[in-house]
Amino acid sequence: MPGGGPDAQRNQETGAAPFYVRRARPDELSAVRDVDVEAKALFRQTRHAWIADSEPEPLSFFVTREDAGLLWVATDSADKPVGHAAFSDLDGLLHLQQISVATAWQRRGVGRRILDGAFHFYRGRGVSRVTLTTFTDVPFNRPYYLRLGFADLTVDEDDPRFGPLFAHEAAMGLDMSARVAMVREL
């Protein structure tokens, strides 16, 4: 099985092209970055269109996550990355920093399967919840995460660790009036 190993999961949807989910390898980080750049084009359909043309994450972003075992990929039958999820440790919380799926693979359940595989892995290692921040006014952001079982997290009451994260997002130029923190119990 391409991209196999203990963390691999094969797509079982009838009629759909197969894809596999596993942790990323060092030799595919440039391809993972390319998926991220391509997937940002979706933002052209939103009021945050500038994101589509913004600078991509530096390769070091993906290197750091892969080194820590916090970068997951979906690969096609040729073992080429078609999607990824990048996590970080946010003061003891597992935090989803980004998820991206190549255009040709969107709306096939790839993102959901990446997260399912990663959540299964981390749950087995004692992680009980995962957090993220996202846009409230983008149809493929907050509504998507709600369908995946995430709920809004009131930062001031629940976890002050998000203050610095929101400050960083504001410095990047994100409209903070349209941002929310979310959490999902594993």
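Above this text is the structure in question.
Residues numbered from 1 in each chain as written. Predicted model: local features only at pLDDT ≥ 70, side-chain atom pairs only at ≥ 80, totals over all residues. Heavy atoms only, no water.

## Section: helix H2 (residues 59-67)
Among all positions in H2, only Phe61, Phe62, Arg65 and Glu66 are buried. Looking straight down H2, one finds its buried side chains confined to an arc of 125°; they lie on one side. (Buried < 20%, exposed > 50% of the residue type's maximum accessible area, 1.4 Å probe, protein only. Helix = DSSP H or I, 4+ residues; strand = E, 2+ residues; numbered from the N terminus. Arc of directions from axis to C-beta.)

## Concerning the packing of aromatic side chains
How two aromatic rings sit relative to each other is set out by the distance from centre to centre and by the angle between their planes. Under the counting rule described, the total for this entry stands at 13 aromatic pairs. Both rings, one in Tyr145 and one in Phe150, keep their centres 5.6 Å apart while their planes meet at 75°; by these two values the pair is edge-to-face. The two residues Tyr145 and Phe150 agree in class, both being buried. Centre to centre, the rings of Phe162 and Phe166 are 6.4 Å apart; their planes meet at 40°, and the pair counts as tilted. Of this pair, Phe162 and Phe166 are both found in helix H6 (residues 162-171), four residues apart, which corresponds to roughly one turn of the helix. The burial state of Phe162 is the same as that of Phe166; both residues are buried. Within the aromatic cluster, the residues linked to one another by ring pairs are Trp72, Phe87, Phe119, Phe121, Tyr122, Tyr144, Tyr145 and Phe150. (Phe/Tyr/Trp six-rings, centres within 6.5 Å; stacked < 30°, edge-to-face > 60°.)

## A short note on the pattern of salt bridges
Scanning the entire structure with this criterion turns up 11 salt bridges. Residue Asp27 is joined to Arg25 by a salt bridge in which the shortest nitrogen-to-oxygen separation is 3.1 Å. Accessibility expressed as a relative area gives 30% for Arg25, which makes it partly exposed. Between Arg47 and Asp137 there is a salt bridge, with the nearest N and O atoms lying 2.5 Å from each other. (Salt bridge = Lys/Arg side-chain N within 4 Å of Asp/Glu carboxyl O.)

## Concerning the pairing of strand E7 (residues 179-185)
Of all the seven residues making up E7, six are buried; the element is thus mostly covered by neighbouring parts of the structure. Inspection of the sheet shows strand E5 (residues 129-135) paired to E7 by seven bridges, in the antiparallel sense. By the bridge assignment, Arg129 is partnered in E7 with Glu185. (Pairing = 2+ DSSP bridges.)

## Details of the sheet that holds E5
As summarised here, the arrangement of the seven strands in space is E1-E2-E3-E4-E5-E7-E6, forming an open sheet in which the pairing is mixed. The sheet is open, and its two borders are formed by strand E1 (20-23) and strand E6 (151-153), each paired with just one other strand. The mean inter-strand angle of the sheet, taken between neighbouring strand axes irrespective of direction, is 30°. Pairing analysis gives five bridges linking strand E2 (residues 71-75) to strand E3 (residues 81-90), with the strands arranged antiparallel. The residue bridging Ala74 from the neighbouring strand is Gly83, located in E3. Sheet strands touched by H2: E2, E3 and strand E4 (93-101). Its angle to E3, the strand with the most contacts, is close to 75°. Relative to E5, H6 is tilted by about 30°, and along the sheet it contacts E3, E4, E5, E6 and E7. (Axes fitted to C-alpha atoms, helices over the stretch in contact; angles between N-to-C directions. Contact = heavy atoms within 4.5 Å.)

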